[in-house]
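# Coordinates in review
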Amino acid sequence: MNVLARMWKREWPLHMMLLPGLILVLIFSYYPMAGIIMAFQKYIPNKGLIGSPFIGMRNFQLLMEYPDIGRVFLNTIYIAVMKIIAGLIVPITIAILLNELRKEWVKRTFQTLVYLPHFLSWVLLSGILVDILSPSSGILNQVLSIFGIKPIFFLGDNAWFPYVMVISDVWKEFGFGTIVYLAALTGINPSLYEAAEIDGAGRFKQILNITLPGMMPIIILMLTLNIGNVLNAGFEQIFNLYSPPVYESADIIDTFVYRLGVQQAQFGFATAVGLLKSIVSFIFISVSYVLAYRIANYRIF
Amino acid sequence: MHNNRSWSRKLFMICNFIFLAFISFLCLMPIIHILAISFSSGQAAAAGKVLLWPVEFTTAAYQNVFGKPEYLRAFWISIQRVIIGTTISMTLTIITAYPLSKDSRQFRLRTFYAWVFVFTILFSGGLIPTYTTIKSLGMIDTMWALVLPGGVAVFNVILLLNFYRSLPKELEESSRIDGAGHFKTLWKIYAPLSLPALATTGLFTMVGHWNSWFDGMLYMNHTENYPLQTFLQTVIVKLDFRFIKAENVELMLKLSDRTSRAAQIFVAAFPILIVYPFLQRFFIKGIVMGSVKE
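Residues numbered from 1 in each chain as written. Chains lettered and ligands numbered in written order. Predicted model: local features only at pLDDT ≥ 70, side-chain atom pairs only at ≥ 80, totals over all residues. Heavy atoms only, no water.

Naming follows an unreviewed UniProt entry, where chain B appears as Protein LplC of Paenibacillus segetis. A UniProt comment under Sequence similarities (unreviewed entry) is attached to chain B, and it reads "Belongs to the binding-protein-dependent transport system permease family." (UniProt positions renumbered as here; feature names shortened; annotations may be inferred.)

With an unreviewed UniProt entry as reference, chain A is termed Sugar ABC transporter permease, source organism Paenibacillus segetis. According to its UniProt record, chain A has this under Sequence similarities (unreviewed entry): "Belongs to the binding-protein-dependent transport system permease family."

Pasting the structure below:
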């Protein structure tokens, strides 16, 4: 008891500092977790969590029988995996090419420009993309028509939509990734290049044998951390760009939950879908953190 | 031999420069295009004559935007949101990161607390339960729904606590010996020294608040409470896709004032466009600090 009292006397200011943050987290993160009960209920908003009748696993059964559910999961993983791969290759390539530039200010200017789209919201970028990709008056289709290509309805065509998502996402985010890889590049010992030069290795060979291996730890780290995102195909982007004709190829778990839960007020069912996603994501993120620690010795704190 | 190699090297350098210039242009071009449309006449824009330079220059679209009370109101709500949200979030980040940066000998429950926060990154109740929580708290249609739920930005807390730890321990010790309590040590020693980290996380928080739209759509029942991006979401994005057929979308795009939308987009992007180039270096430092550490 005495020990505890002494500890409290010594540590109470630290507890006090944590208190406001803890309260917020308890209210806005932990309390909603209790709401997961809805997944096992036929939730009726007027009756609340306590008054709504329990229906066991019925929502999950419905989920299995739902005709589109398989495609929704597949779309999610398909788009997310393509984004992860492209989002790895493009920034690495651009970082290596930027690193070859001699003049510091040129490098910095290019870097500033490619980093810009990252700071604009998907709402604004969607407005811009809808305009640019429009089949009749969009600038892209005008350019294509010079080459005799018929207008393509990029955002209304199931064959195109997933690729438009991947390309526009890479376009928005690659500048951000480039910075991380450029930082890794500056950490490579310059004497390695000098030694290679003396041994007669050309620039390309140097990239292959020094630059890439030097970047490997950070590449592996980014890849492992991305594993946690396999079920996040990008709600904000897709929600702002999709439309009923492309639901078939564009619907991801998050958009599906939104339409069912918020627009059609099927709270219990949507919560069940969300819960499934949370559990799978939890597993993936935990695995990716463990892997990042084991392989790249990365710890979050 | 040597000559040949330096010749190919030069060729590579030129190609590389051109390629990177082209890529940079691709990142800037859509924004220039929108800017050009916003300053063009309605007919020129609808006819698709505008590329990167205004055709039949006019500021009509901007007069339209600034004459729209709904737009200005949404703009003002966003400014309030950025100020209130950033203040709350940064205060909480600073005081939450400090105790968590102590080691377990100094602060017994530190690891337990750290996991309480980190767990919220790993697992969440999901969209619907969070929504019903906000609703049952009576926060619908209030600013609190926009600034409180994300008030503790756990990633920023982690970034900052890692930064606190990189500061020399002797500073804290001597301050404590001089009789300063934890609050004073944090305020006088840690906060000023972690200014670069605070600037980075602060700016990211501001940009985050400025750009966010989804919570506005969820938690605001009345459109007059929409922050700017949510407002724009309804007038720019949603409008097109209410119509199911491709031809209808097309028709709508022509009928609605293309230049006016372009102006609305540009005005919303403007605060970021002017602030961003100056703060870029901060961001770069911050990202590197947060992601590549020993």
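Turning our attention to the layout of surface pockets. Unfilled space is identified by rolling a water-sized probe across the atoms. Considered as a void within the structure, the second largest pocket measures approximately 790 Å³ in volume. Lining of the second largest pocket is provided by 25 residues; of these, Leu 133, Leu 140, Ile 167 and Trp 171 of chain A together with Leu 26 of chain B occupy positions nearest its centre. Looking at the lining of the second largest pocket, the elements with two or more residues in it are helix 4 (69-100), helix 6 (122-133), helix 7 (139-146) and helix 8 (161-186) of chain A together with helix 1 (2-38) of chain B. Here the lining of the second largest pocket gets eight residues from one element, more than from any other, and that element is helix 1 of chain B. A breakdown of the residues in the lining of the second largest pocket according to their chemical character gives 23 nonpolar, two polar and no charged. (1 Å grid on protein atoms, 1.4 Å probe; cavity = no way out; pocket = protein on both sides within 12 Å on 5 of 7 lines; lining within 4 Å. Points joined across faces, edges and corners; volume = space filled by probe spheres on them. Helix = DSSP H or I, 4+ residues; strand = E, 2+ residues; numbered from the N terminus. Nonpolar A, V, L, I, M, F, W, Y, C, P; charged D, E, K, R; others polar.)

Right, let's get into the nonpolar core. Core analysis: the biggest nonpolar cluster contains 178 residues, and Phe 161 and Tyr 181 of chain A together with Leu 232 of chain B have the highest contact counts within it. It is helix 8 of chain A that provides the largest number of residues to this core, a total of 13 residues. Beyond its immediate stretch of four places on either side in the chain, Phe 161 of chain A contacts Phe 154, Leu 155, Ile 238, Leu 241, Tyr 242, Val 246, Ser 249 and Ala 250 of chain A. (Core = buried A, V, L, I, M, F, W, Y, C linked by side-chain atoms within 4.5 Å. Buried < 20%, exposed > 50% of the residue type's maximum accessible area, 1.4 Å probe, protein only. Contact = heavy atoms within 4.5 Å.)

Take the packing of aromatic side chains next. One pass over the structure, following the stated rule, counts 37 aromatic pairs over all chains. Cluster of aromatic residues (ring-pair linked, three or more members): Phe 235, Phe 239, Tyr 242, Tyr 247 and Tyr 258 of chain A together with Trp 213 and Phe 214 of chain B. Seen from the ring of Tyr 247 of chain A, Arg 259 of chain A lies directly overhead, with NZ or CZ sitting 3.9 Å from the centre. (Phe/Tyr/Trp six-rings, centres within 6.5 Å; stacked < 30°, edge-to-face > 60°. Lys NZ or Arg CZ within 6 Å of the ring centre and 35° of its normal.)

Moving on: the packing of helix 4 (residues 69-101) of chain B against helix 5 (residues 110-122) of chain B. Residues and elements named next belong to chain B. Orientation of helix 4 relative to helix 5, taken along the N-to-C sense of each, is 140°, at an axis distance of 9 Å. The angle between the axes of helix 4 and helix 5 places the two elements in the oblique class. Contacts between helix 4 and helix 5 involve Thr 96, Pro 99 and Leu 100 from the first element and Arg 110, Tyr 113, Ala 114 and Phe 117 from the second. Among the residues making up the contact of helix 4 with helix 5, the classes are represented as five nonpolar, one polar and one charged. (Axes fitted to C-alpha atoms, helices over the stretch in contact; angles between N-to-C directions. Parallel < 35°, antiparallel > 145°, perpendicular 65-115°, else oblique.)

With 106 residues of chain B in contact, the opposing surface of chain A contributes 98 residues. Summing both partners gives a buried area of about 9,300 Å² for chain B against chain A, and 76% of it is carried by carbon and sulfur. At the surface where chain B touches chain A, the tally comes to two salt bridges. Asp 131 of chain A is paired through a salt bridge with Arg 258 of chain B; the nearest N and O atoms lie 2.6 Å apart. Run the count over chain B and chain A and you get 13 residue pairs in polar contact (both at pLDDT 80 or more). (Buried area = accessible area lost by both parts, 1.4 Å probe. Salt bridge = Lys/Arg side-chain N within 4 Å of Asp/Glu carboxyl O. Polar contact = N/O pair within 3.5 Å; in protein donor to acceptor, adjacent residues only side chain to side chain.)

Following the criterion strictly, the structure yields eleven salt bridges over all chains and no others. Across the pair Lys 172 of chain A and Glu 173 of chain A runs a salt bridge whose closest N-O atoms are separated by 3.3 Å. Residue Lys 172 of chain A is classed as buried on the basis of its relative accessible area of 7%. Judged by relative accessible area, Glu 173 of chain A falls into the partly exposed class, the value being 26%. Between Lys 102 of chain B and Glu 172 of chain B there is a salt bridge; the shortest N-O distance is 3.3 Å. Note that Lys 102 of chain B is positioned in the loop between helix 4 and helix 5 and Glu 172 of chain B in helix 9 (residues 169-177), a separation of 70 residues in sequence. When its relative accessible area of 2% is taken as the criterion, Lys 102 of chain B is described as buried. Each of the salt bridges in this network shares a partner with another, and the network as a whole consists of Lys 102, Glu 172 and Arg 176 of chain B.

Taking the UniProt record as the reference, the feature "transmembrane region" (unreviewed entry) is found at residues 74-100, 112-131, 143-164, 185-210 and 262-279 of chain B. The distance separating the terminal C-alpha atoms of residues 143-164 of chain B is 31 Å; by composition the span is 68% helix and 0% strand.

Taking 1.5 Å per residue as the helical rise, helix 1 (residues 2-34) of chain A with its 33 residues ought to reach 48 Å, whereas the 37 Å between its terminal C-alpha atoms falls clearly short. Glu 11 of chain A marks where helix 1 of chain A bends most, by close to 60°; the proline Pro 13 of chain A follows one to four residues later. (Expected span 1.5 Å × (residues − 1). Bend = angle between axes of the 7 residues up to and from the residue.)

Glancing now at the UniProt feature "transmembrane region" (unreviewed entry) in chain A. Under the present numbering, the feature "transmembrane region" (unreviewed entry) in UniProt falls on residues 12-31, 72-98, 119-140, 160-186, 207-227 and 267-292 of chain A. Taken end to end, residues 267-292 of chain A comprises 100% helix and 0% strand; its first and last C-alpha atoms sit 36 Å apart.

The next point concerns the side chain of Thr 93 of chain B. Residues and elements named next belong to chain B. By the element assignment, Thr 93 lies in helix 4. The class for Thr 93 is buried, based on a relative accessible area of 1%. Of note is the side chain of Thr 93, whose polar atom sits 2.6 Å from the backbone oxygen of Ser 89. What Thr 93 contacts, discounting residues up to four positions off in sequence, is Asn 156, Val 157 and Leu 160.

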